[in-house]
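Below, each chain spelled out in residue letters.
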Amino acid sequence: MKLFRMFFRSIRDAFKSVFRNFSLSLASISCISITLVIIALALLISLNVNNFTRLIKKDVTIVVFINQKVNEEKLAVIKAKLEQISNIENIEYKTREQLKNEMMATSNELEAIMNEYGVSENPLKDTFQITVKEIEKIDETASIIKSIEGVDSINYGESWVNKLVSAFKILEKGTIVAVILLVLVNVFLIINTIKLTIFSRKREISIMRVVGASNLSIKMPFVIEGMILGGLGAVIPILLIIYGYFVFYNHFEGQLFSPIIKLVSPTPFIYGISLAILAIGIVVGMIGSSRAVRKYLKI
């Protein structure tokens, strides 16, 4: 019971202290808000870049051209073998007549050219258009497909895909490293700001020591105060993120420059980011206050 009374008293004292030392509290909250805005922007950019790379990977297609001499029975066998390959996610079959019609629909010139070919004269080949689960294994998957009897050739832009995979690996690792570094730098700034706020009240803590207060009863109000400052400092970044991202997303209609570069849908994505920012603010505020009381004030 004594611990509970101490805890609730610490909460009361922490709120009183925030308002009693309003100028110092405002300075801490401002610093926390600015740094959390930077962290939030880094997270938004990083997650959107990762979403963009994921969508590009998903759109990479292996086109499998089937020998024109293959009959329907053999075609079914080829499809069954393709379905057994673990890295294949989706298979779409298109006849050469379907491909002819699609080509004719793209331009008047192609329509005029393809109209010259009858059903038996159609130079195109039946195809399977395949998407893979892991683009990193696309070369291995392509080799297996090539070995299937009845497959004439395949095309997936080998050199382009390999360069794309390498670029995406660098990009994904780079954004992760950048976010981690930004978080660490900003956490350091927040902790030191709160340390300065606590350090300016050294005399207050010394008096508490003189009257016989225990280390726990001294530290707890300051730790809770740090959590309150961190939570309040996260309010403005959260509001800016939610409102700003919704406006940004709607203004660009969910995409940047082209339909290929799609933004992450605001819900529930933006609320997850907001919770992460609130958690960072509270935890960092708590850590900053705890370290300041223990280390700087020699308690």
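Within each chain, residues carry numbers counting from 1 in the order of the written sequence. The predicted nature of this model means local features are confined to residues of pLDDT at least 70 and side-chain atom pairs, given and counted, to a pLDDT of 80 or more, with totals for whole chains, interfaces and linings taken over all residues. Side-chain figures throughout are based on the complete set of non-hydrogen atoms in the structure, without hydrogens or water.

**What to know about the environment of Ile273**
Part 1: Put simply, DSSP H or I for four residues or longer makes a helix, DSSP E for two residues or longer makes a strand, and each gets a number counted from the N terminus. The residue Ile273 is located in helix α10 (residues 266-296) in this model.
Part 2: With a 1.4 Å probe rolled over the protein chains alone, any residue whose accessible area is under 20% of its type maximum counts as buried; one over 50% counts as exposed, and the rest are partly exposed. A relative accessible area of 5% means that Ile273 is categorised as buried.
Part 3: The spatial distance from the C-alpha of Ile273 to the C-alpha of Leu47 is 9.8 Å, given a sequence separation of 226 residues.
Part 4: In this analysis, two residues are considered to be in contact whenever any of their non-hydrogen atoms come within 4.5 Å of each other. In contact with Ile273, other than residues within four places in its own chain, are Leu43, Leu44, Leu47 and Ile241.

**A few points about the nonpolar core**
Part 1: With 22 residues, the main nonpolar core has Leu44, Ile241, Tyr245, Ile273 and Ile277 as its most contacted residues.
Part 2: Elements represented by at least two residues in this core include exactly α2 (22-59), α9 (215-251) and α10.
Part 3: Among the elements that line this core, the one with the most residues is α2, at eight residues.
Part 4: When sequence neighbours within four positions are dropped, the list of residues in contact with Ile241 reads Ala40, Leu44, Ile270, Ile273 and Ile277.
Part 5: Among the buried residues, those of types Ala, Val, Leu, Ile, Met, Phe, Trp, Tyr and Cys that are joined through side-chain atoms within 4.5 Å form a nonpolar core. Membership of the second largest hydrophobic core comes to 20 residues, among which are Ile62, Ile130, Ile145 and Tyr156.

**As for the pattern of salt bridges**
Opposite charge on two side chains makes pairing possible when the charged atoms of those side chains draw close.
Part 1: By salt bridge we mean one thing: a side-chain nitrogen of Lys or Arg within 4 Å of a carboxyl oxygen of Asp or Glu. Following the criterion strictly, the structure yields three salt bridges and no others.
Part 2: For Lys125, the salt bridge identified is with Asp152, shortest N-O distance 2.3 Å. Within this pair, whereas Lys125 is found in the loop between α5 (108-114) and β3 (127-132), its partner Asp152 is found in strand β4 (residues 151-155), the two being separated by 27 residues in sequence.
Part 3: With a closest N to O distance of 3.7 Å, Lys137 and Glu134 form a salt bridge.
Part 4: Take Lys137: its relative accessible area is 38%, and that puts it in the partly exposed class.

**Focus on the packing of aromatic side chains**
Part 1: Any Phe, Tyr or Trp ring, taking Trp's six-membered ring, that has another such ring centre within 6.5 Å forms a pair; planes under 30 degrees apart are called stacked, those over 60 apart edge-to-face, and the others tilted. Considering all chains together, one arrives at four aromatic pairs under this definition.
Part 2: Consider the rings of Tyr245 and Tyr249, whose centres lie 6.3 Å apart with planes at 35 degrees: the pair is tilted. Taken together, the residues Tyr245 and Tyr249, both in helix α9 and four residues apart, mark about one turn of the helix. We note that Tyr245, like Tyr249, is buried.
Part 3: Judged by centre distance (4.9 Å) and plane angle (55 degrees), the ring pair of Phe248 and Phe252 falls under tilted.
Part 4: Of the residues examined, Phe252 reaches a relative accessible area of 35% and is grouped as partly exposed.
Part 5: One aromatic cluster in this structure is built from Tyr245, Tyr249 and Phe269.

**Side note on the environment of Val283**
Part 1: Within the secondary structure, Val283 sits in helix α10.
Part 2: A relative accessible area of 40% places Val283 in the partly exposed class.
Part 3: Counting along the chain gives 60 residues from Val283 to Val223, while the straight-line C-alpha distance between them is 9.9 Å.

**Examining the side chain of Thr141**
Part 1: Inspection of the secondary structure puts Thr141 in helix α6 (residues 138-146).
Part 2: Accessibility expressed as a relative area gives 2% for Thr141, which makes it buried.
Part 3: Pairs of N or O atoms within 3.5 Å make up the polar contacts considered here, provided that, within protein, one atom can donate a hydrogen while the other can accept it, and that residues adjacent in sequence are counted only when both atoms are side-chain atoms. Only 2.9 Å separates the side chain of Thr141 from the side chain of Asn87, close enough to count as a polar contact.
Part 4: Leave out the neighbours within four places in its chain, and Thr141 touches Ile62, Ile85, Asn87, Ile88 and Val132.

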